[in-house]
Each structure stands twice: as C-alpha cells, then as structure tokens.
Amino acid sequence: MEENKISYSEEEEQKSLLPFLEEKEGKAGQFSNVEEHWEEYKLEEELAGGGKTGNKDASEGVQDKSDSSMESLEHYLGDINNIQAMKYTDRICILTLQRNLKELNDIAKQKELVVQKARDKLSTCQLQIKMLAKQLEYVDIEIEKEEEAGNVAALSRLQAMRRRLCTELEKEKDFELKTALTLKENMLEMWQIETEQGKYEILREQLKKDEEELEMQYQERAQVRIWKEKIAALQAEENRRSREKKEEEAQKEYEERHKKVLEDAKRNHEKAVCFLRKSMARIHEKNAKEEVKTREHMERRIQAVLSLKTSITSNRAKLQTLQVWNKAMAFEAKKQEMKMREAILAEGGNVAKEIFLHKRLLDHEKAKQASREQQKSRKIEIVSRILQEKASILKQKKSQSCTKAIKGGGKLEDSSPWRMKTWRYIEKTCKHSAGAISQSWCSSSACSSAGERTASVGEISEKIPHDVLCESGEDEKERDKTLVEPEFPGLWSQECDLRKISKEETEPKQLATRVKEKGIFEKKMEEFQTGIFQKQIVSGRECKGRTFYSKPSCIHFKDFDVGQIYKKKIVLTNASYSVNFCRLVGISDWLKDFISIHFDPPGKMSAGMSCEIVVTFKPMINETLEGEVMFMAQTGSFSVPLKCTAKRCMLALDKELIDFGSHVVGETISRTISLTNSGALGTRFKVQTSAGDSRTCRATAKSSPRRMVTQHFSDCVPEKEVSNSPVTSVVEKKEQICADHSEEMTYCVAQVEQHRTETSLSSTSAEQLGQDVLNSRSDLDTDSACNLVELSPEETPVEIMLGKVTEGEIGPFSSVKLQIIFVPAIPGDVRAEFVIMFDNADCKPLCFSAIGVSLDVPVWVPNPNVDLKICMYDQLYQDCIVVQSRAKVTLRLKFEVCKELSKHMELLPKTGYIQAQSSFSVQLKFLPRCSLPEDAGSYFNEETRVLEVPVTILIVDKAKKVNFTVHAIVTTSDLEISPARINFGYCTIYEAVQANVTLTNKSILPQEFGFVGLPEFVEIQPHDGLGILLPLESLTLDIIFKANEAKEYSFELTCKSEINRQFKLSCKAVGVHPPLELSHSLVQFAATALNGVSTATLYVMNSHVSVNHFTHAVPRIGNGEVAPVGPTSFEFRVPEDCPVTITPSVGTVLPGKKRKKDEEGKKLSISITKQLVRDGGSKYLTSLCNSEQPKSEELKPDSDAYMAAQAFLMRNFSGRFEKYIIPCFVASGHIDEKKGSENLSCSPYNTLYLELHCPAVAPSVVVTSDNGKNTVNFGDVAVGHRMIKRITIQNISPEKLELGFSVLNPNGPFLLVRPVGMLEPGENKTLIISFCPNENKWFFETLDIRTAKTTLTLSITGRGVMPSIVCSVEEVLNMGYVIAREKVTSTFKIQNTSTLTLRYSIQLDSLSSTRDKDQQRLPSFITSSLQRTEFVGTQNYNGLSVFSIFPTEGEILAGKSQEFIVTFSPDHESLYYSDRLKVVLFGKNIAHVIHLKGAARDHPMFVEGGIPLDVPIESLAVTSPVSSPEALKGELQEPVKSILLVLEYIEGEGSPVPAMTELKVGAIQTAQFASKKNVEFSFDSLPLLQQKGFTVEPVKGTVEPGQVKCISVSWVPPADFPADDPLPVTALLTLKGDIKESYQILFMAKVVSAYAPAK
C-alpha cells in the first residue's frame, strides 16, 4: 500500500512557484554598484588593453608600419564601440530569468511525470477491478454448481474466496476513487503551470533575442582580440628584425675594432721588443760598471772603518784623562761649596737659600750654553741642507742638459754665479762658527758610520776623500734615476720634462724660500714614511688593523690573452670606527704600461660605506705580472695586491710509482697512470723511457736506486738577476729550481742558493759554478752507471712497456690516461723508468717508475693464503684449494699437513695428478677440537687465537715444493649466565617480580640465543628472550616472574644457542595471595606541565568472602594458613619527596566491597618549589646572589627574585620522567583513622605496590608579563567601573600552538576581551581581561588556557569597592556680588572616604558638548518654574567661562582630601550668573553636584531681596550704549529695577503677628572705587506706607564698602482693611554711591486665614 500513497509536495512547489519566478524583478536591482562598475571596467580593459603589448618594444624603423596598423585598429574599434554593449545588470537579469524559466520547465516536466504515473496507476487499478469482477462472477457460478452438487467443503471454500474477492474489489474501488481524485488535482496543477508558462512566453522570446545579442557581442569581442593579437605579433616581428640587424652591425663593428687592436698590439710589440733589446744591452753594461764601483766603494768603507778604529783607540786615552779631570773638578767644586757655606755662616746668612740661588745661577748658565749649542747645531743643519740642495740642483741641471742634448742639443747653463752667491750667504750666516761646524760635522759623521754600515754619504767621516763622497752620491742619484726618461724618441710622446727647473727657480733670491719649503716637505715626507698618521679613537677604542677592506681581496686576472682588454671591479669598504677617506696613490711601476685605474674619490666615507674602483688590464706581453694598487687613508696607507696570470700548463701525475706486484712468467698485466693538466694552456706530450736508461733495468749484485735522474742540472741553476727595473722584470723569466731526488744534486743546489743569497754572482763566478755543476753531474752519472747492469736487447726482453698511447695532445683542464703493460719473462725484480716530455718549454719533464717481480714455478696456488675466517671448536669447516700448472707435462702432486695438526686438518685427496697447463682442486677439511691449543704448539697463539698452518704441495718428479698457508681464528661457543641461580622471594599474584641476569658471549663470533620452553608465569625481556649476542658482548636480561597462585615455585630456564647448545638457569619463588587487591597496579599519568595537576582514580577491593579453597583461590602466603574473612584495612605510605597525594590514604574495606580512592583523583602536582631545589635551581639562585640578589634561604615565594628564578627554570626545563612505587600495607581488622595502623599488625608479604609513572614536561605557554606570575590581581576597582589588564603569554615550544580557553562566569565581573587563537614558536601575544564589579565584595575565577598537550591556569581576582566622597559644600556655592571685570575666588574640599584611589574630573555645564543643543530649546522663562531645568545663566561676552575651577582632574588617595579653587570673573553687569559643577568619578559616575551663583555690578552698590520682576535671561537685542557718568550727573535717574515685596498676614491665630520681610543693601569692596565714599540709601513716600500699615526700619542709612545692611519691612493690616483684596503700595528706594540709583519697591500685602486649605 505504500506505492499507493501520493505525496503532496507538488502543491507546496506550486505555492512557492510564483514568488520564485518574480525573483528576477526583485533581485535585479539589489546587486551592488561596485560589482557592476568592476565588471564593466574589466570588459573595457579587455577591449582596450590588447594593443598595449605590441607598443612596448617597437623600434623607430617599424614605426610607420605600426602606425598604419594602429590607425586601422582604432577605426575598427571605433565601429565596435558604436554598438552599445549590454550592461552588467541586463546580463544578470538574463541569467536570472533563464534560470527561473528553466526551473519552471523542470517543474512542468516533473508535474507531467506525476500525472503520467497517476494515470498508469488508475489504469492498473481499473484492470484489477475488471479482473476481480470476472473472478467474482466465476466464483458465483462455481458456488451455484457446488450448491447443486451438495459439496459442503467446496462450498465453504468458495464462499470464503468470494468474501476475499469482494473485500479486494471494494478496496480497489476506493483506491480508484482516490487515484482519480489525485489525478484530477495533478491535472489541475499541471494546467496552472502551463498557464504560467504561457504568461512567460513573451519573456522566453525576449530571452532568446537577448542571448543571441550577447553571443554576437562575444563574437565581436573575440574578433577584436584576434585583430589586436595579430597587430601585436606583427610589431613583435618587426622589433625582432630590427634587433637582429643592430646586433649584426654591432658584431661587425666589434670584429673590425678587435682586428685593428690586434694589429696595433702586434706592431707595438715588435717595436717594444726592438727597444727592449737595446735597453737590455745597455743595462748589462751598466751593471758591470756598478759592480766595479761597488767593489771600490767597499774598499773605501773598509778604510773608513780602520781609521775609525784608530780614532777610537786614541779617544780612549783622552776619555780616561777627562774622567780624572772631572773628578778633580768635582772635588774642587766641593771645596768651593764648603768655603761658601763657611763664609755665609760667618756673615750670618741663610746657607740653604744662598746655595740654592747659586745652583740656580749655574743651571741658568748651563741652559744658556745649551741654547747656544742648539743654535749652532741648527745652523749646521741648515748649512748641510743648503749643500744638499746645491748638489740636487746641480744633478737636475745635468739631467736637463743631457735631455736637451738628446732632444735638441741644448747647452748647460753656467752655475758659477749661483755657486758664488750661495757661499756668500753661508759665510754671512755662520761666519763665527766655521771651526765648530767642521768639528761637529766630523764627529757626528764618525759616530753614525760606526753605528751603521749602510749610512748615507753625508754621514761618513771627514777622513774619506771628498771625491769619493761625490761619486757615491752620484751613484745613488743615478740609481734612482734609472729609466725615468725615454731612451729612444718615438716610443713615448715628446712631452715636456716635468722635472725641468726654470730659470726663475734657480735665482738666488728664492733660495731661502726654497730651503724653508723643502724642509717642511721633507718633514712631512718623513712623517709619511715612518707611518705617523692620525690615530682613530672612537668610544675609547683605537682602530687597529686595516681600515679598508677590498672585495675581492686580490685583483687576479687569470689566463689572459694578449690584445684583449679585461676589466674588474673592486669594492673598498670602510672598516674603521668612524669617518675616513681614501685616495689612490698609484700602482707598481712595472704595471703602469698594462694596468689603468678608474677611481673617483668618494670624499669622506662613514663607517661601513663602500666605493667602487674599476681596474682595466690590457696585456701586451704573455708574461705573469704581480704588483699592488696603493691607496692612502686618513689612518695610514694600504694596498690591494694585483696579479695577472698568463695561460700556462700545470701538469701532474696521479702517482709516481706503479707497483705490479709478483706475477708468474707468461702473464700480461696492465696498469694505467693519469696525466692531468689543470692549467688553461694545452701542449703536446711524448712518453718515452728515461734518457739515462732506455730499457728496463734488473738488479744483480748491487741494488739500483729507486729513482733515476733524468733531468739536467743546468736547469736548476737560476740566472742572475741583473736589474730591478720594471722593463727588465717584464722580460725576465722567473727562477726555476727543479727538485732533484739525489742527495748530491740537492747538496749542490743548496750550495748555489746559499751563495746566491749572500752575494750576487759575477759573470765569471757564474760560469765557474756552472762548470762545477756539470762536473758533479758527470760524476753522478758514472756512479749510477756502476750500480746498474745493462744487458743487450738480445739477452733481456722488454718486460715493462708502454701501451698504445705514447704521445698526443693534452688540452686545457683535461687529463689523459697512459697504459703501462708488464709481461714477466725472466724471474726476478724488474724496474723501468719513464719520462714524459712536453713541447712547451715552461713545462718540466715528469718522471715515473714501474716495478714488478717475475716468478718461475711450474705449479702455483692462485690463493697462497687460505683464510678460513673465524671457526668454532667441534665444528667442521671446508674449503676448496685450486692448484694451477704451467708445465707442459703431467705432474704428480702430494699434499702434506704438518704433524701437529694432522688430527684437526686434512687435504683430500692426499696424492693427485695435474694435467699440463690445467688446474687441480683439493678439498680442505678443518675440524678444530678442544685439544687444538695443546696440539698446535707454536702454530697457535693462545692470546689472539690465531692459527697459521703451513701446507706443502710436493712435486714428486721434480723434488720441488710449493707452500701455502691456512689461516684461521679459533674461538669457543660458550654462553655464560650470571648468576646461575635466582631466588625471587615472596611475590603477590597481583604483581610481577623482576630479576636481572647477565648473558655473556665468550666467543668472538656473534651467536643467536633463545630461552625456550618458558612456563606461563615467567617472561623474559627484551625481545621475549631471543636475540643475537655480538662477540664478547654481555646482555642484561630481565627475568619477570608473576605468580598465578599462592604456592612455592622451583623451576629451570633453558637457553639454547644457534648450534643447539643448552645452558640452564635455576629459579625459586613463593606466591602470595593478599586479602585485598587494587583495581590498577600501574597508573600512567599524562604528560603534566609544571604547576599542572593530573588526576586518576582506582579502587581497593576485598573479594575474600569464603575460606573454601576448593571453590576458589583463597588469600594465603605460599602454602600457609588462609587469611580470616572479615574487614580488612589498608594504608598507603607516600614518600616525602613524592609529589603525589592519595585521598583517603587509610581505610577499611568490608568483605565483597570496594572503596574508591581519591574522589578527586590521585593528584600529581609538580611543585615549582621542588623544581628549584632539584633541577639546578640552586645554581641559578647562587648566580642571583652574586648579582646582589637576596640569598636563596631568604627567598620568599612572592618575591621578584623567586619569580625570576621560577620563570628561568620553566624556560630551561627539559622534562623529566619519574617512577614512584608506593606501598600499601594490608592488615585484618578495623583501623582507626586517627591513630592509624598502630592497633593492627600486618605481614610485609601481603603488601601491595602501586607504580606511578609521572612524566613532567615544560609548559608550552608561559606568562611573561608581571615577572611570570600566573595570578591576575585587579586590586580594588570601583563598582560599575571597568579595569583592563593585559597579560602577555609566550609560546616557548618549538611548534605552532592552537589555544583554547575555558568559559568564565557569564554573569560574573570578569570578561576575556581579546582571546588568542594561534601562537607561533617564540611568539608573544597579549590577552586582555576586563574586570567590572557590580557589588562591593571580592571576586575570584580561574581561566584555563588549553593547548594540545598542556594547560596553563590563570587565577583572576579583584575586589569591587563602592566609591564615596564628602564635599564641604552641599548644593549651592554663592560667590556674591563682584564688580564687573574683576575676580573673586572661593574654595571647597572633597574628601575620599572609600578604600581606593579615586580618579576624578570636574565638569561645568557651560562647557558641556551638548550646550549648543540645549540653547536651541525654548527659554526657561517661558516655561513654568517647575519645568525649568536650565542651570547655566548669564555668560561672559568675551567667550571665556565665568566660573573656573582648579584642578579640573586628578586622583584622590584613599582617606585623603583635595581642595578646589573656584574663580568668578564676570566681564559685564548681570545678576544672574550661574552654572552647575559636577564631580565625575572615573569618567562616568556623577558623585556630587554644586550650583554656582554670582552677580556682577558696574557700580559698588546693590539691593537684594524680594521677588525680581525682570527675566533671568539676557536679551539678544543690541542695547544702547550707556551714558557716561559725567552726562548723568545732576539728572534724575529712572528706576533701573522693580522689586516686589509680598507680605502675608496670617489671621486667626492667638496673638497677631505682623507680616515680615526684608531687603538687603550692600556695598562692594573693590580697589577700583577705593576713593569713593560710602553708599547711602533712603526711602520716599514714608507717610503713605505708614498710613497703609507698613513699617520700614531703618528708613535711611549708610553702608560701608564690604558691608550689607538689612532693611526690615513689617505690615499689620489697618482696621478698615478689606480682607478679601490685596493692598498694593509703591515706594522709591534711592542709593547714592559713585552714581545715584533708584529702585521702585512694590509692596503687595494681603491677609491669609490660618484655617484656609492649602492649595
């Protein structure tokens, strides 16, 4: 029947259909303008941005073509843009309409499907009804037949069938009705949907048109984009062609320029070679002359030294005489002093004073004499400088004359007038000290020459002839002048000589100036040369070391080609401490022709700043150059090394000796050797046998040397260095000293080097040395030949030879492998020497050797050493030995083993025949027995266990032996178990007892082991008793015994090795069944952070309810008595140092019951106090003590030092895992929790043990603010106010943390304002917690900061306090009357009566921000007095506040008071100055309100009282100006104010009381009117007042300044006064002060009955 049920969801869809279709109209306008403009902007970018890429790289050559293309593109785009694009809103509407129509069609199709299904159901139902009707007819016919037949059974069956068919027919008809009704309803709904579809047919057509239009727009845009891409591609192609054309032109230009440069370089090189040859010839000639001069100079110096020696000898006698004379003079001086003392004493004078004055006089004379001597020495110095200047001038003239003679043949000028003028000047200057000059000059010269052998010419003794001095000076000057000027015209440009001296400079009148300037220059140069620079000291530190560093540190031009230009950029960095500068000094002289420097001086450079230098290298010759670039800095000079390395070959062999080893005659062995070129220049090589030995050598009686000498010693002698000039250094080659391996040659080379170091060799000595070297070489060759036995090629075949590669080309940075072949032919040692020659003359030949040994035995064993490795006793080991034969006949072999080892080793077969040139295999069997150490004797080493067995192969027919050795290391296979017996003792069935045994491998082979056949109550760890023991290794095994019942145990454990050896272990134990049990014997706490808490719960159970041991296990110890049934007590004993708390720790459990332990759980509290003691906290506390912190014993938990130590330990805590085993003692009977277990006795064997695993870890998050305190204390906060605290937390773990927070009380005062979601490693973030109390009490909550591993708990506390204050002024503060534009002050106090500091602020309504809005309301005088809320009265015209208060804000401490000063300063006259003062606490609560009032007058008099009749608000109209006082004098003033006095007489009381009121007349005391008189007042119309019953007292009077007088007014109604009507009377009050004022007083009197009802 479930299929027949019809869902009515279609109705719901139909009801929601119309609003859904109307969505296109409602939602189309709701899209934001931002999205619309953005989409339009993107479409415009797509239309207008396509052509931009083509214009980026367009060149000028293709600009015309691109312009035409762009014009056509713009024209086409203009046509496209004329078509109005569909708006974004329209497209959205189209899409929405399309979607809605599609959904409508889907609903219609779905409804048609539902209708079709209903029709199918209806037709099926009708068919079923017809079928049932036919069956019913058939059953009726059958019933009639059976009735006629009288078959009762069949009749009852047919009747039942008829009833069933009738029932089904009725149901089908009902279902037909329902289905028809449903079909009708669905048809109606489908017709409604079709009607709706008809309504939207117009929209469908419009949608189709819009889609076609949108598609056309998309096609047009695609065409535009394709056109733009084509234009861009054309432009890119044109740009590429233009670039290729430019590159080709640049390449051609570069090739032409390069070709020209090469030609110029070649041409210049030829010229330079020609000039350099001539220069070299001249330099050689000059060096020879210099050598002769040097010798003569040395002879002269020797003569000078000898003369100096004689003068010293003569001076010694003079010195002795002088010493005696000095002693005599000293003795005489003492005598004179004594005489002077006696004379002074005789005269009665002061001896000390006179002697002191006498000594000062003598010192003064000595100082004068020293000054004279100093002047003389200075004069001598001046004269010497003049002479040096003269010599230099003469030298310059000579050089100039030589230059002029070379260039144009000029003549030297005559210098005789100059010489005469100079000598005249000298004679005038020092005419009086000629003798002293010469004597001083001589002595100083002698001393200096004695002290230094290399002294200058001017310092040598006077005894040296003058011509010698001149020659020496000229030689030095010429040495400095070498190659300064060009020798051949044309090579260098014909420029003026910079050292040429004009005639004006040689004039005598400029001599003094020249001398002075030259002295200053020499002094500066001396300071420069001696390194006297300005020290750089910054912050007390002196800058040492290099002040500028270059990057790179060395300018290196590697592998250059002649004619090319190379550039390198270096960066100089100021590494000093402050501002510095640098300038370029120059480069090495021999590099000036090849190196150019481009350097722009940067000026002053700060520390760390850099500047750039470009170094250009243009090589002209193919030589290696080295030099430096020199700079000058403020702190000294520095240089950067420069190196130019030409291409060269750097050849090396990977090895110098090839050892082929031992090989049998007839074999062929090949080895390779690698020749490597690590340079940038290639060369050809050729490998050949050594020149001294063209064939291999064989050792006979004498042994040949290991290396053969193949190099010529002539290469080892360096050429003499003839010049130091740059040109010479470029042309000369470097010295090459080849390493030689023979001792004789090494000694010779050492002699040559020593001789060259001491003195420079002359040409003749060099030739002699070369001859000696050749002689020594010939002797060496002779000795080597004697040691070698050379055989003819017919007798000795070549055994070591070269392979296929013997010569070839080796390129730059490449290697070549050379093959060496060894073919042994004759038995014995073979050696061959080879040499590798190279075409490059700079490459030295390389030598290497090859050695080998040839053997000649008819039978040999390929493996002469048979290694059986490590063998165990009583184990069989086999190996196969192969015997080779090189004989051409069959040989009979016999294999023998030494007699000592015949029991342990044998060879099978023992005799055999080996065929010609074949092999034979022998089986070796080795079975070492335990008696091997005794039997083997010397063949076995008991310490190392090494066995060496010699085995002999005997060739029977030839009586020759071949020996080989069998090696083996024999070891034992024993495993040792220690101890051999274990007693586990008493063990409860709830625990396991562990014992440790050590298993040791006595063998030097690893052995596998395993404990097999273990009983179920024994466990062996690790790896269940299985494993491998390394050689001689010991392994500790844990034997774990766990009793399963209470009895005595005795058993053995078996350990088997891999060779099936067994080792036994005996064990004993006693099983105990205690009367109590624990639900958990092991508690594993989670990793707990410091200051964290983890809890666990367990139960203590008493399951002993019966003593019948046949039905179940009963508590007993071993086989002892059964424990009694009854209450059983327990007690947990926690160690003192264990951070665990168990609650309850003592209790009693009844039989069959269990007791829960620690309702709060087992608490694991890692106390930071214990951490300070355990984890090295004492060290940190000691460091705190050293830094003037309190001692560790004095630290308190709330001190800052304690908090700092705690934070330090938290951050450095690396974690700790501790195990605690806590015993639980068990005893039968009840326990008294107060007395404990004193009244009970317990057996130690029934003790239960609880194991705790306590891992302590460092917290992931810590508090870094407030010294790491986890307590947030807000302190006292006013009720209703909010305080915010920021707590900084830090992630000290190495991983990213996601934080979670516990929920604070939503109705509480604490609020987590800003939580933190994620914390990066090491990141600090701030939590903001606010506290807003609503009651006057203490508040406390905890906030848990949870991470994946740990939890940080913050304790938050605070106290709400109700703020209260007391003010000295209650409600109104009246400032009184003041003269306008003057000030008056008043004070009041506010006292803080609460327990917290109050933050206050004083606010005035006149300064309120809402003042402007309040003024827009109706004036207060229009409203009734009850509705008036305006407190701000008249204000100043100048905009300043009338009332001012000081201070306006601040804090009042608890119990303290604050005084406030109120200043009243009006700027015009008004009686209605007022304002309201508010005392606001904490910026929000108004604690007290004071109304401020005041009045101002232009004149020092006022009247106060009654009811004012004017308006308290000033008019906005412009008032007329007030007349001056002079104009008002003598005029009667009009009443300026009316005052109403109301008097009410109460009638009906016992005694009549007159109605009373009063007026006040006052005079203002001010300095402005100090000279004025007192204020006078008087009343007019007194008779009328008295007639009406009014009494005024006083009528007139005077008021002094600063005083106020009261005028009392009383009224008693006259006898004829009507009680119903009021009595109005007017009087005039006149005041006289600086002016005269009149007040109209209106008296209003009336009678009031005492019994009248109150209104």
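The structure under discussion appears in the preceding block.
Residues numbered from 1 in each chain as written. Predicted model: local features only at pLDDT ≥ 70, side-chain atom pairs only at ≥ 80, totals over all residues. Heavy atoms only, no water.

A.B. asks: Which residues make up the pattern of salt bridges, and what values go with them?
C.D. replies: Taken as a whole and judged by the stated rule, the model has 35 salt bridges. Across the pair Arg241 and Glu238 runs a salt bridge, and its minimum N-O distance is 3.8 Å. Here Glu238 and Arg241 lie together in helix 8 (residues 201–347), a separation of three residues that amounts to about one turn. The partner of Arg1061 in a salt bridge is Asp974, and the shortest N-O contact between them spans 2.5 Å. In this pair, Arg1061 is assigned in the loop between strand 38 (1048–1057) and strand 39 (1062–1073) and Asp974 in the loop between strand 30 (960–971) and strand 31 (975–978), connecting sequence segments 87 residues apart. With a relative accessible area of 30%, Asp974 lands in the partly exposed category. Linked by salt bridges that have partners in common, Glu237, Glu238, Arg240, Arg241 and Glu244 make up one network. (Salt bridge = Lys/Arg side-chain N within 4 Å of Asp/Glu carboxyl O. Helix = DSSP H or I, 4+ residues; strand = E, 2+ residues; numbered from the N terminus. Buried < 20%, exposed > 50% of the residue type's maximum accessible area, 1.4 Å probe, protein only.)

A.B. asks: So, the pairing of strand 74 (residues 1537–1547): which residues are in play, and what are the values?
C.D. replies: In terms of strand pairing, strand 73 (residues 1507–1508) meets strand 74 through two bridges, oriented antiparallel. Each residue of the ladder has a partner; that of Ile1507, found in strand 74, is Leu1540. As defined by bridge partners, strand 74 adjoins strand 81 (residues 1636–1649) across eleven bridges and the pair is classed as parallel. Within the sheet, the bridge partner assigned to Leu1541 lies in strand 81 and is Phe1643. (Pairing = 2+ DSSP bridges.)

A.B. asks: So what's going on with the packing of helix 6 (residues 88–149) against helix 7 (residues 152–199)? Residues and values would help.
C.D. replies: Closest axis-to-axis distance for the helix 6/helix 7 pair is 7 Å, and the angle between their directions is 160°. In terms of their interaxial angle, helix 6 and helix 7 are classed as roughly antiparallel. Crossing geometry of helix 6 relative to helix 7 is assigned as left-handed. Class assignment for the residues of the contact of helix 6 with helix 7 results in 26 nonpolar, eight polar and 15 charged. (Axes fitted to C-alpha atoms, helices over the stretch in contact; angles between N-to-C directions. Parallel < 35°, antiparallel > 145°, perpendicular 65-115°, else oblique. Left-handed = near helix turned anticlockwise from the far one by under 90°. Nonpolar A, V, L, I, M, F, W, Y, C, P; charged D, E, K, R; others polar.)

A.B. asks: Could you give me a rundown of the pairing of strand 8 (residues 610–617), with the residues and numbers involved?
C.D. replies: Looking along a regular strand, one sees the side chains alternate between the two faces of the sheet. The pairing of strand 5 (residues 566–574) with strand 8 spans eight bridges and is classified as antiparallel. Paired with Lys567 across the bridge in strand 8 is Thr616.

A.B. asks: Now, about the sheet that holds strand 58 (residues 1310–1314): what can you tell me, with residues and values included?
C.D. replies: Read from one edge of the open sheet, four strands run 53-55-60-58, paired in antiparallel fashion. The sheet is open, and its two borders are formed by strand 53 (1261–1263) and strand 58, each paired with just one other strand. When the angles between neighbouring strand axes are averaged without regard to direction, this sheet yields 35°. Relative to strand 55 (residues 1283–1291), strand 53 is paired through three bridges, and the arrangement is antiparallel. Along strand 55, the bridge assignment pairs Val1262 with Gln1290.

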